[in-house]
Amino acid sequence: MNDTAERKLILCHLWVAFAAFIVACFMGEYQVLERSGLLPILESPSVYFASVSTHGVLMAFVLTTFFIMGFGYAIASSSLKQPIWNKPLAWGAFWLALFGVVLAAVPLLSGKASVLYTFYPPMVGHAAFYIGATLLVIGSWIWCAIMLIMFTQWKKANPSQNVPLAMFATAANALLWLWASAGVALEVLFQLIPLSLGWTDTIDPGLARTLFAWTLHPIVYFWLIPAYTAFYVFVPKQAGGFLFSDEMARMAFIVLAVFALPIGFHHLYMDPEQASGWKLLHGIGTFIVALPTLVTGFTVIASLEIAGRLRGGKGLFGWLGTLPWGNPMVLAVILSLLMLIFGGFGGIVNASYAMNAMVHNTAWVPGHFHLIFAGTTVIMYFAVAYYLWPLLVRKPLFSNQLALLQLWTWFIGMSILTTPWHVLGLLGQPRRISTVVYNNLLTLAWKPYELMMIFGGLILLGSACLLVYNLVKTQLTPYAEHFTDEIDYAEPIHKVGVLPEYLNGLTVWNKVIAVLMAISFGFPILQFFFMDTFGSSAWGN
Amino acid sequence: MEQLTEEERKRIIESSPVGTFALMVAVVGGMVIAWLFLYYGVFLPRG
């Protein structure tokens, strides 16, 4: 990335992402404190739910969207070795998305959109929240268009070459997001905005929940794919080895993009508006999408094993000890995979049709998604930031030791936070509650776990501050020498020949997605227009 | 880092990742056992 304009564009996106992240971390710690009842002065359900909603929006929508956009621009410009297509449009998308965030922040912070960052009517927030969220999504759609145009143009200009793996993954993610976001876009445009503006009197919650389920699961893979991209294209090189298989990586991204979409009804297992057959179909798809994660785990660990053996590791597991644990990217991927094992197990329990009844709407669920999102995914965002920041600001990282400390504390803090959360779910604590101080034997048994969560949250907050401190110091500390490092992509073990179109393009997979979506969501959505349903009045703000 | 001959390097790169296979078997096996424990030990006893 020699171009100053590209670097500025990427940095601005990443700074918005991490600014949102640090604010959200303070809110997270406040929430566990408030919920525990340890400090009565903090107790306020209205402030608590405003904070939960803002925390969720900042983490799940702002951190992710801006990080993914910035990361995508970095991948596109460096892997394709060309400038970003239509930079004014990219800046337009940035400002539009940022304006959307500011617009949504007003009702969120004033308690007018305490809808728990979900889109589940009849709970309805202020219209500015939905309009702001829409602008953020439109900004991300422009990013998708830029990524897919760059992907297509490069393919046309280089017909005898394979698209670089990193760009293939980024384009697959853009395609996934265009499909995924369509569900919630329909819900917000045709149901929530009209209702919140008073243009309609009632809303069909069944239809709304079905449309939100369309988005709700693939959005997780939209967040996760950049982490997987870093797994495949950065980690093997950083560990001193090679990527085990380029083709397996492409197949994993394809299966993720295709099968992440038609499976959202596992969020509706307990809902009455969809028949059990449709839920079972989506449940089976949910287990299929576990396969690319297993493939990713295998490929990345195999790449690490080769690196460890090239560094002198012997025996079945001796290579683990010779890996460069002092490299933030390598440390992060190991910690990320550890959290993925436990988070993935929780996900399998959620997806199990019968057992879901045991954990549905309990504290288990936020425990699970914090482990997968804030653990597995976000720790790789940190690693990417530590890797990209020196290349973007043309200065070495302020402190590698601080980065390692930050990654370890994030892992330890997340483990201490989420383990009791899962246990509380099994003990029956509901999610989405602002207090647990009912003073009976059941809730008193929850107390030690709540205290553990406060401690875990404090470690996480300290870790988040370390991250931002390191990035700020990297950017602001004067550095005399000219720093010219570039992004270094991992090479596969075996040179990849010319790949078939299905491993080098997305057109055929786009058609497969269209068919699968028509099968899995066609009738479940159309049924709302065939049968008499009775709307619900808005509830909330 | 150990200095490897070109032959050793080639052998490592072309060898099967046995450690990875072992780890994957352990992880998947552990998940199956944990799932069974949760199903038969926690879920079913709750009725």
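Residues numbered from 1 in each chain as written. Chains lettered and ligands numbered in written order. Predicted model: local features only at pLDDT ≥ 70, side-chain atom pairs only at ≥ 80, totals over all residues.

### What to know about the overall build of chain A
On a plain count of helices and strands, chain A comes out with 19 helices and four strands. Across its three principal directions, the C-alpha atoms of chain A cover 60 × 50 × 45 Å. Sequence-distant contacts, at least 24 apart, represent 85% of the contacts inside chain A between residues at least 6 apart. (Helix = DSSP H or I, 4+ residues; strand = E, 2+ residues; numbered from the N terminus. Contact = placed C-beta atoms within 7 Å.)

### Comments concerning the overall build of chain B
Along its length, chain B carries two helices and zero strands. The C-alpha extent of chain B, read off along each of the three principal axes, is 65 × 20 × 5 Å. When the 47 residues of chain B are sorted by exposure, 13% land in the buried category. (Buried ≥ 20, exposed ≤ 12 C-beta atoms within 10 Å, placed from the backbone.)

### A look at the environment of Ser78(A)
Residues and elements named next belong to chain A. You can see serine 78 is positioned in helix H2 (residues 45-79). We classify serine 78 as buried; it has 22 C-beta atoms within 10 Å. Put simply, serine 78 and leucine 281 are 203 residues apart on the chain and 40 Å apart in space, counted from C-alpha to C-alpha.

### Here's the deal with helix H2 (residues 18-43) of chain B
Between its first and last C-alpha, H2(B) extends 36 Å over 26 residues, near the 38 Å set by a 1.5 Å rise per residue. Considered for burial, the residues of H2(B) that qualify are Gly19(B), Thr20(B), Leu23(B), Val27(B) and Phe43(B). The elements touched by buried residues of H2(B) are helix H11 (290-310), helix H12 (318-322), helix H13 (328-351) and helix H14 (356-359) of chain A. (Expected span 1.5 Å × (residues − 1).)

### So, the interface of chain B and chain A
With 22 residues of chain B at the contact, the number on the chain A side is 23 residues. Going through the elements one at a time, helix H1 (6-14) and H2 of chain B are the ones with two or more residues in the side of chain B that touches chain A. It is H2(B) that provides the largest number of residues to the side of chain B that touches chain A, a total of 14 residues. For the side of chain B that touches chain A, the per-class residue count stands at 17 nonpolar, two polar and three charged. (Nonpolar A, V, L, I, M, F, W, Y, C, P; charged D, E, K, R; others polar.)

### Focus: helix H3 (residues 87-109) of chain A
All names here are of chain A. The first and last C-alpha atoms of H3 sit 32 Å apart over 23 residues, in line with the 33 Å expected at 1.5 Å per residue. Those residues of H3 not exposed but buried are Ala90, Ala93, Phe94, Ala97, Gly100, Val101, Leu103, Ala104, Ala105, Pro107 and Leu108. In this structure, the buried residues of H3 make contact with helix H1 (4-36), H2 and helix H4 (127-157). Glycine 111 lies just past H3 and shows a positive phi near 75°.

### Observations concerning the confidence of the model for chain B
Summarising the model, chain B shows a mean pLDDT of 91, and 96% of its residues fall at 70 or more. The ipTM, which scores confidence in the relative placement of chains, is 0.94 for this predicted complex, and the corresponding pTM is 0.96. (pLDDT = per-residue confidence, 0-100.)

### Quick look at the environment of Ala60(A)
By the secondary structure assignment, Ala60(A) is in helix H2. Each C-alpha atom of the pair Ala60(A) and Trp223(A) lies 8.4 Å from the other, and the pair is 163 residues apart in sequence.

### Quick word on the environment of Glu29(A)
Residues and elements named next belong to chain A. Looking at where glutamate 29 falls in the secondary structure, it is placed in helix H1. We classify glutamate 29 as buried; it has 21 C-beta atoms within 10 Å. Distance in space between the C-alpha atoms of glutamate 29 and glycine 277 is 41 Å, their sequence separation being 248 residues. Leave out the neighbours within four places in its chain, and glutamate 29 touches Gly457, Leu458 and Leu461.

### Brief notes about the packing of H2(A) against H3(A)
Residue and element names in this part refer to chain A. At a minimum axis distance of 11 Å, the contact between H2 and H3 shows a crossing angle of 175°. Judged by the angle between their axes, H2 and H3 are roughly antiparallel. The segment H2 lies against H3, with Ala50, Ser53, Thr54, Val57, Val62, Thr65 and Tyr73 engaging Ala90, Ala97, Val101, Ala104, Leu108 and Leu109. Of the residues in the contact of H2 with H3, the class split is ten nonpolar, three polar and no charged. (Axes fitted to C-alpha atoms, helices over the stretch in contact; angles between N-to-C directions. Parallel < 35°, antiparallel > 145°, perpendicular 65-115°, else oblique.)

### Things to note about unusual backbone geometry
Residue and element names in this part refer to chain A. In this model, proline 121 is joined to proline 122 through a cis peptide bond whose omega is 15°. With respect to the element layout, proline 122 can be found in the loop between H3 and strand S1 (123-124). Unlike most non-glycine residues, asparagine 361 shows phi in positive territory, near 55°. Along the chain, asparagine 361 turns up in the loop between H14 and helix H15 (364-393). Asparagine 361 sits in the exposed class, given 11 other C-beta atoms within 10 Å. Positioned with a positive phi, arginine 394 is a non-glycine residue whose angle comes to about 60°.

### Brief notes about the packing of H13(A) against H15(A)
Pairs of packed helices are described in terms of their axes, by the angle between the two and the distance that separates them. Residues and elements named next belong to chain A. Orientation of H13 relative to H15, taken along the N-to-C sense of each, is 160°, at an axis distance of 8 Å. The angle between H13 and H15 falls in the class roughly antiparallel. Judged by the sense of rotation from one axis to the other, the crossing of H13 with H15 is left-handed. Taken together, the residues of H15 that come into contact with H13 (itself represented by Pro328, Met329, Ala332, Leu335, Ser336, Met339, Leu340, Phe342, Gly343, Gly346, Gly347 and Asn350) are His368, Leu371, Ile372, Gly375, Thr376, Ile379, Met380, Phe382, Ala383, Tyr386 and Tyr387. Residue composition of the contact of H13 with H15, grouped by class: 15 nonpolar, eight polar and no charged. (Left-handed = near helix turned anticlockwise from the far one by under 90°.)

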